[in-house]
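Survey of secondary and tertiary structure
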Amino acid sequence: MNHTSSAAATERPTPGTALPPAMPRFSKQSALAVLVCWLLVVFDGYDLIVYGTVQSALINDTGWGLTKATAGTVGSMAFAGMMIGAVFAGRMADTWGRRRTILGCAALFSVFTILCAFAPNAYVFGALRLLAGIGLGGLVPSANALVAELVPAKWRSTIATLMMSGVPIGGSLAALAGIPLIPAFGWPVMFLVAVLALAVVIPLGLRYLPETLPPAGVKAPAPQTANGDNRRAGFGSLLRAPYLGVSVLYAVATLVTLFAWYGLGTWLPNLMQLAGYNLGSALTFALALNLGAVVGSVATAWAGTRFGPVPTAVAAAAVAAVALLVLVAGPPVTVVYLMLVLAGVGTHGTQCLIIAAVASHYPAHLRGTALGWALGVGRIGAVAAPQAGGLLLAAGLGVNSNFLAFAGAAAVSALLLIAVGAKTIRTTSTPVGANNV
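Per chain, residue numbering runs from 1 following the sequence as it is written. Local features in a predicted model are, by the rule used here, given only for residues with pLDDT of at least 70; side-chain atom pairs are given and counted only at 80 or more, and totals for whole chains, interfaces and linings are based on all residues. Water and hydrogen atoms play no part in the side-chain values, which are based on all heavy atoms of the structure.

**Topic: the overall build of the protein chain**
- Working definition: helices are DSSP H or I runs of at least four residues, strands are E runs of at least two. Numbering for both runs from the N terminus. Of regular secondary structure, the protein chain possesses 15 helices and zero strands.
- Each of the 437 residues in the protein chain was classed as buried or not, and the buried ones make up 56%.
- Within the structure as shown, the protein chain displays about 16500 Å² of accessible surface, and the carbon and sulfur contribution to it stands at 70%. Exposure classes here rest on a 1.4 Å probe applied to the protein chains alone. A residue is buried below 20% of its type maximum, exposed above 50%, and partly exposed in between. Computed with the Shrake-Rupley method and a 1.4 Å probe, the accessible areas treat only the protein chains shown as cover for residues.

**Regarding the packing of helix α10 (residues 244-274) against helix α13 (residues 333-361)**
- For helices, the fitted line uses only the C-alpha atoms of the stretch in contact; every axis is such a line through C-alpha atoms, and the angle between N-to-C directions lies from 0 to 180 degrees. At a closest axis distance of 10 Å, the pairing of α10 and α13 adopts a crossing angle of 150°. Here α10 lies roughly antiparallel to α13, going by the angle between them. Seen from above, α10 lies across α13 with left-handed handedness. Across the interface between the two elements, Val246, Tyr250, Ala253, Thr254, Thr257, Leu258, Ala260, Trp261, Leu264, Leu268 and Met272 of α10 pack against Val336, Leu340, Ala343, Gly344, Thr347, His348, Thr350, Gln351, Ile354, Ala357, Val358 and His361 of α13.
- Charged residues are taken to be Asp, Glu, Lys and Arg, nonpolar residues to be Ala, Val, Leu, Ile, Met, Phe, Trp, Tyr, Cys and Pro, and polar residues to be all remaining types, Gly included. For the contact of α10 with α13, the per-class residue count stands at 15 nonpolar, eight polar and no charged. The labels follow the angle: roughly parallel below 35 degrees, roughly antiparallel above 145, roughly perpendicular from 65 to 115, and oblique for the rest. Crossing handedness: left-handed means the near helix sits turned counterclockwise from the far one by under a right angle, and right-handed means the same turn made clockwise. The contact rule is simple, with two residues in contact once any of their heavy atoms fall within 4.5 Å.

**Focus on the confidence of the model for the protein chain**
- What pLDDT expresses is the predictor's confidence in each residue, scored from 0 to 100. Per-residue confidence for the protein chain gives a mean pLDDT of 79; residues scoring 70 or more make up 83%.
- Contacts of residues 16-24 to residues separated by more than four positions or lying in other chains number 27 contacts, the stretch itself having pLDDT below 50.
- Across residues 428-437, confidence stays below pLDDT 50; counting only partners more than four residues off in sequence or on other chains, it has 25 contacts.

**Re a nonpolar patch on the surface**
- On the surface, a cluster of nonpolar side chains totalling about 480 Å² of accessible area is made up of Val111, Leu115, Phe118, Leu192, Val195 and Leu198.
- When contributions to the nonpolar patch are tallied by element, the ones reaching two or more residues are α3 (98-116) and α8 (194-208).
- Here Leu198 falls in the partly exposed class, since its relative accessible area comes to 34%. Patch members must show over 30% relative accessible area and no salt bridge, and they are joined within 9 Å when carrying like charges or within 5 Å when they are nonpolar side chains of Val, Leu, Ile, Met, Phe, Trp or Tyr. When a carboxyl oxygen of Asp or Glu lies within 4 Å of a side-chain nitrogen of Lys or Arg, that pair is called a salt bridge.

**Describing the pattern of salt bridges**
- One pass over the full model with this rule turns up one salt bridge.
- As a salt-bridge pair, Asp47 and Arg129 come within 2.7 Å of each other at their nearest N and O atoms. Highlighted residues: Asp47 in helix α1 (residues 28-61) and Arg129 in helix α4 (residues 122-150), separated in sequence by 82 residues.
- The buried category is assigned to Asp47, whose relative accessible area is 2%.
- Classification of Arg129 as buried rests on a relative accessible area of 2%.

**Things to note about the environment of Thr53**
- Among the structural elements, Thr53 can be located in helix α1.
- Assessed through its relative accessible area of 4%, Thr53 is described here as buried.
- Sequence-wise, Thr53 and Ala174 are 121 residues apart; in three dimensions their C-alpha atoms are separated by 7.1 Å.
- Filtering out sequence-adjacent residues up to four positions away, Thr53 remains in contact with Ala174, Ala175, Ile182, Met190 and Leu283.
- Polar contact is defined as a pair of N or O atoms within 3.5 Å, subject to the rule that within protein one atom must be able to donate a hydrogen and the other to accept it, and that residues adjacent in sequence are counted only when both atoms are side-chain atoms. At a separation of 2.6 Å, a polar atom in the side chain of Thr53 contacts the main-chain carbonyl oxygen of Val50.

Right, dumping it as structure tokens:
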């Protein structure tokens with residue numbers, strides 16, 4: 001990336017207008033755009049975790065006839081939508097522009113989340129969660145692709161990791177809000193919080209988010225690889241040499257990491273209630289998990305910058321696996337809280353680092369597509385996790401079966417990321433990383 005000064009370097013981007021393909025410096029306007037993207041990710045995180053906070057109420061208080069197994073299926077609907085949204089929104093962001101895709105996805109998940117509060121039965125509720133999930137899934141890769149273009153290359157990994165701190169912060173807010181609101185007003189109020197995103201954050205996005213596609217009527221030059229071949233943005237370019245192997249490894253590592261993270265996010269309050277804790281205590285365990293994830297976002301941002309995102313992700317995944325295995329032993333409650341914090345640090349930290357690694361590995365014209373690919377395939381794990389947790393409980397295998405399944409997923413993630421590191425070392429002679437763009 002060229003950081004030399006030019007006349008363009010002093011221009012202040014106008015919100016809603018196109019920016020050059022590479023921002024020469026991190027301006028105040030860029031900082032405001034990053035902040036808006038982060039706020040949208042906070043609402044994304046709230047919406048993802050809120051189902052776990054209301055799951056017991058949906059099973060026990062609605063009269064919808066939900067069981068543990070069917071509640072897991074309903075919980076998977078949002079993640080199924082996210083899989084669709086992540087795959088296609090990344091491609092749309094590379095083609096139509098980051099700004100329009102981000103705002104469209106934010107409006108989509110806000111509207112359908114609000115409507116969840118008025119769902120008359122489990123079928124309508126599940127359908128609304130599916131539609132909201134499309135917006136949720138499309139927002140993160142689009143926002144990360146935009147942010148990657150607004151910050152200098154040397155800070156790209158750090159900012160991408162810190163951006164994802166919005167997910168567990170949103171989850172923490174969901175757990176904190178649920179403790180007083182659900183007993184007082186019932187589960188529907190938890191979904192009405194999305195009104196804030198619709199009424200406040202999206203208008204901020206309209207004001208401050210820039211567009212990073214070339215201006216209308218200006219044809220951008222076709223990106224080139226190191227050997228001079230032109231490449232178009234799209235999955236065809238992503239899934240062939242020199243990107244095929246590492247693209248598959250990143251996608252499968254994301255799959256198992258999201259299996260562990262969203263499995264815990266969906267089932268933890270219910271698991272702790274089954275272990276004998278009341279709703280308030282169960283939600284404080286969920287809060288510990290999400291606060292750990294917030295700490296993990298900051299800690300892994302620092303460590304990823306110092307040691308590299310992939311080696312740090314290997315360590316984070318291993319920490320999560322060990323912490324979840326300790327829970328199986330039934331330790332004292334203080335140790336349970338500590339292990340859940342570490343599980344949050346490890347699972348969410350691993351995913352943040354994978355996103356940072358993907359954002360730095362691929363050239364600009366493939367960045368949104370690559371993030372959408374990894375997160376889209378990864379959502380298979382997010383879809384499977386709530387169902388797997390419910391089926392394990394329905395089969396009578398107990399709370400520990402969930403912790404073992406999620407620990408195993410974290411361990412597999414560590415192994416896959418070791419393979420990513422080995423493959424990256426073998427291919428360092430081919431300059432394909434984003435920092436070479």
